[in-house]
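# Structural overview for review
Chain by chain, the residues run as shown.
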Amino acid sequence: MSARNNSPSSRHTYLVCYDISNDRRLRKVFKICKDHGTHLQFSVFECDLNPRELVQLQRTLKEVIKHDEDQVLFVSLGPSEGRGDRVISALGLPYSRFDAPCYVV
C-alpha cells in the first residue's frame, strides 16, 4: 500500500447497504461489513475506506454473495476529511447507535 492511499484525504465515506436472501450469507456479509465500518441499521454500514480498502471489501463480498439473488450497494458520500460531523436524523423511531448483532427473523 502506498503512503498516498493511507492519507486521510484519500479516504471516502460509503454507505454499504445490502439485501441478502440467504441467512448464512447474510451473517457472513454482516461480519465482513462490521470489520470495515460502523453498523448504522440492520443492513446498513458506514465505512471510511481508501481506494485499496474499497476494492478489498468489494472483492471479499463478491466471494460471499450469490450474484443472481443478493445485492450490495456502495453509496459514496465523498471524502471523509472535511465533511464535518456526521449528522443522522430519523423519521419514526429515533436513531440510536446500532451495535446489536445481526438477527434474522
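Residues numbered from 1 in each chain as written. Predicted model: local features only at pLDDT ≥ 70, side-chain atom pairs only at ≥ 80, totals over all residues. Heavy atoms only, no water.

As named in an unreviewed UniProt entry, the protein is CRISPR-associated endoribonuclease Cas2, taken from Prosthecobacter dejongeii. Listed in UniProt under the heading Subunit (unreviewed entry), the comment for the protein reads: "Homodimer, forms a heterotetramer with a Cas1 homodimer." Quoted verbatim from the Sequence similarities (unreviewed entry) field of the UniProt record, the comment on the protein reads "Belongs to the CRISPR-associated endoribonuclease Cas2 protein family." (UniProt positions renumbered as here; feature names shortened; annotations may be inferred.)

### So, the sheet that holds strand β2 (residues 38–41)
Read across the open sheet, the 4 strands follow the order β2-β3-β1-β4; overall the sheet is antiparallel. Each of the sheet's edge strands pairs with one partner strand only, and the pair in question is β2 and β4 (71–79). Each strand axis lies, on average, 25° off the axis of its neighbour in the sheet, ignoring direction. Note that β2 and strand β3 (residues 44–49) share 3 bridges and pair antiparallel. Note on β3: the bridge partner recorded for His39 is Phe45. Each of β1 (12–19), β2 and β3 touches helix α2 (residues 23–34); the most contacted strand, β1, lies at about 170° to it. (Pairing = 2+ DSSP bridges. Helix = DSSP H or I, 4+ residues; strand = E, 2+ residues; numbered from the N terminus. Axes fitted to C-alpha atoms, helices over the stretch in contact; angles between N-to-C directions. Contact = heavy atoms within 4.5 Å.)

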